[in-house]
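Fold and geometry: a report
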Amino acid sequence: MRAAVLHARDDLRVEAVAEPEGDRDVVVRVEAATACGTDVKMLRHGHRVLGPYPSRFGHETAGVRLDTGDRVLVGDSVACGACAPCRAGRPQICRAMTWVLGGFAEFVAAPAAALHPIADGLDFAGAAMAEPLAACVHAVARAADSAADGAAVLGGGTMGLMTARLLVLAGRSVTLADRHPERRAQAEAIGARAVASLHAGGHPLVFEAVGRPEAWRAAVEAAAPGGIVVLVGGCPSGTDVALPAGPLHYDELDVRGAFHHSPAEVDRALDLLASGAVDWRGLAGATIGLDDLAAALRRPADGEARKLVVDPRR
Ligand SMILES: [Zn+2]
Ligand SMILES: [Zn+2]
């Protein structure tokens, strides 16, 4: 079968590799794999979950089980169930996570525990987006205790837009900030108010969805005294971020990381996509084959926020 294989930083090759076998895992024929900023990071910088090169990647994957014929989302992780975070009900920060990567290929093998059924009527490309949407479901849940009516989202990429939509569905009045007018228009279309930048000190609840040190800082600066800041976007690991000490201490800001998701959050995301509550078509970009993946991931993201859809048989 053909698969996208990373051999080193910025060295992606499409190669013929052995088809996976279903002795311990379930083999899934990939119908759609969507791409995100993490894939760009994996290509350009490597990533702590990739393992030693050569490595397969692609973690937003939907397809058909070869053993049963069922349509499934291939979840990208299985938590151990035994470590301290798992026992505390926080599987997303499991200390011994099994990562399931390799969606950018014709077939992928996955533990049965990683698979989630897809409702009839939800396309494979839409189902694949349950992975990033689940992380947004998790991020919104991290601030479920906020009494604020309003919420601000910094960043109108696909994660920011999904987070904004979930906050609208939760009944909050949402302000999304992005410097691209096309992304502000997308935010308005899903029920948010869109602005070019957030008002300093003006927001009791802020979600950062960019993943850059300057954006983390801007999110902290945008928070109102006593506010909550949820960091949804991940800076590359090893990054040091300088934050203003004044508001963190004197304004008692509550800064929270939001990473990944639980299996229940993945199922919730699939429900939201199947019902149309979150419109995946508004976030879907071009469908490409494996041969165009490297160039597409390297292309600078501009204009509307849209996710690449990879069809490995194209
Ligand atoms: Zn992703
Ligand atoms: Zn664990």
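This text gives an overview of the structure that appears in the document. Since the structure is predicted, the reported quantities are computational estimates derived from the model, not experimental observations. Along each chain, residues carry numbers from 1 onward, in the same order as the chain's sequence is written. Chains and ligands are labelled sequentially in the order written, the chains with letters from A and the ligands with numbers from 1. The predicted origin of the model limits local features to residues at a pLDDT of at least 70 and limits the giving and counting of side-chain atom pairs to 80 or more, whereas totals for whole chains, interfaces and linings rest on all residues. The basis for every side-chain value is the complete set of non-hydrogen atoms in the structure, without hydrogens or water.

Right, let's talk about helix 6 (residues 181-189) for a bit. Along helix 6, the residues that are buried comprise Arg183, Gln186 and Ala187. For helix 6, the angular spread of buried residues about the axis comes to 100 degrees, placing them on one side. Looking at the buried residues of helix 6, the elements they touch are helix 5 (158-169), strand 12 (173-177) and strand 13 (193-195). Each residue is assigned to one of three classes by its accessible area relative to the maximum for its type, calculated with a 1.4 Å probe on protein chains only: buried under 20%, partly exposed between the two thresholds, exposed over 50%. Strands here mean DSSP runs of E at least two residues long; helices mean DSSP runs of H or I at least four residues long; both are numbered from the N terminus. Directions pointing from the helix axis toward each C-beta atom define the arc. Residue contacts are defined here by distance: any two heavy atoms, one from each residue, within 4.5 Å place the two residues in contact.

Another point: the pattern of salt bridges. Any carboxyl oxygen of Asp or Glu that lies within 4 Å of a side-chain nitrogen of Lys or Arg is treated as forming a salt bridge with it. What the rule picks out here adds up to 13 salt bridges. Between Arg256 and Asp145 there is a salt bridge whose closest N-O contact spans 2.9 Å. Taken as a pair, Arg256 in strand 16 (residues 254-257) and Asp145 in the loop between helix 4 (130-141) and strand 11 (150-154) lie far apart in primary sequence, 111 residues in all. Judged by its relative accessible area of 53%, Asp145 falls in the exposed class. In this structure, the salt-bridge partner of Asp254 is Arg256, at a minimum N-O distance of 2.8 Å. Asp254 sits in the partly exposed class, given a relative accessible area of 32%.

It is worth spelling out the sheet that holds strand 1 (residues 2-8) at this point. By the convention used here, strands pair only if DSSP detects at least 2 bridges between them. One open sheet holds the three strands; their spatial order is 2-1-4, and the pairing between them is antiparallel. Edge positions in the open sheet fall to strand 2 (11-16) and strand 4 (55-56), since each of these has one partner strand only. In the sheet, strand 1 pairs with strand 4 via two bridges, with the strands oriented antiparallel. Its bridge partner being in strand 4, Val5 is matched across the sheet by Arg56.

Excluding water, the donors of a metal are its N, O and S neighbours within 2.8 Å, or within 3.2 Å for Na, K and Ca, and that exclusion means sites may look incomplete. Around the zinc ion (ligand 2), the protein contributes the donor atoms Cys80 (SG), Cys83 (SG), Cys86 (SG) and Cys94 (SG), at 2.3 to 2.4 Å from the metal centre. Coordination at the zinc ion (ligand 2) comes from four donor atoms whose angles at the metal span 102 to 120 degrees, giving a geometry best classed as tetrahedral. Read in sequence order, the donor residues for the zinc ion (ligand 2) give the motif C-x2-C-x2-C-x7-C. With relative accessibility at 35%, the residue Cys80 sits in the partly exposed group. Any site counts as irregular unless it has four donors with all angles between 85 and 135 degrees, making it tetrahedral, or four or six donors with opposite ones more than 155 degrees apart and the rest between 65 and 115, making it square planar or octahedral.

The definition of a nonpolar core used throughout is a set of buried Ala, Val, Leu, Ile, Met, Phe, Trp, Tyr and Cys residues joined through side-chain atoms within 4.5 Å. Of all hydrophobic cores here, the largest spans 50 residues; its most connected members are Leu133, Val153, Leu166, Phe207 and Val230. Tallying contributions element by element places helix 4 first for this core, with seven residues. Aside from chain neighbours lying at most four places away, what touches Val153 is Gly160, Thr163, Ala164, Leu167, Val174, Thr175, Leu176, Ala177, Phe207 and Ala209. Grouped together as the second largest cluster of nonpolar side chains are 32 residues, Ala33, Leu115, Ala294 and Ala296 included.

Bringing the sheet that holds strand 15 (residues 223-231) into the picture now. In any sheet, the strands associate via hydrogen bonds between backbone groups, in a parallel or an antiparallel arrangement. Spatially, six strands are ordered 13-12-11-14-15-16 in an open sheet, and the strand pairing comes out parallel. Each of the sheet's edge strands pairs with one partner strand only, and the pair in question is strand 13 and strand 16. Each strand of the sheet is rotated relative to its neighbour by a mean of 20 degrees, with strand direction disregarded. Judged from the five bridges that link them, strand 14 (residues 203-208) and strand 15 form a sheet pairing that is parallel. When the sheet's bridge partners are listed, His203 is paired in strand 15 with Ala223. Orientation is described by axes fitted as lines to C-alpha atoms, over the contacting stretch for helices, and by angles from 0 to 180 degrees between their N-to-C directions. Lying on the sheet, helix 5 is in contact with strand 11, strand 12 and strand 14; it crosses strand 12 at an angle near 165 degrees.

This paragraph deals with unusual backbone geometry. For the peptide bond that leads from Tyr53 to Pro54, omega is -5 degrees, which places it in the cis range. Within the fold, Pro54 resides in the loop between helix 1 (37-45) and strand 4. Despite not being glycine, Asp10 shows a phi value in the positive range, around 65 degrees. By the secondary structure assignment, Asp10 is in the loop between strand 1 and strand 2. Given the relative accessible area of 41%, Asp10 is considered partly exposed. Residues other than glycine seldom take positive phi values, yet Glu252 does so here, at roughly 50 degrees. Within the element layout of this structure, Glu252 appears in the loop between helix 8 (245-250) and strand 16.

Once that is clear, we can look at the coordination of the zinc ion (ligand 1). When a metal carries six donors in an octahedron, the ideal angles between them are 90 or 180 degrees, while four donors in a tetrahedron ideally lie at 109.5 degrees. Taken together, Cys36 (SG), His59 (NE2) and Glu60 (OE) make up the full set of protein donors to the zinc ion (ligand 1), lying 2.0 to 2.2 Å away. Of note, the zinc ion (ligand 1) draws all its donor residues from one chain, in the sequence arrangement C-x22-H-E. Here His59 lies in the loop between strand 4 and strand 5 (60-65) and Cys36 lies in the loop between strand 3 (26-34) and helix 1, a separation of 23 residues in the sequence. Just as Cys36 is buried, His59 falls in that class too.

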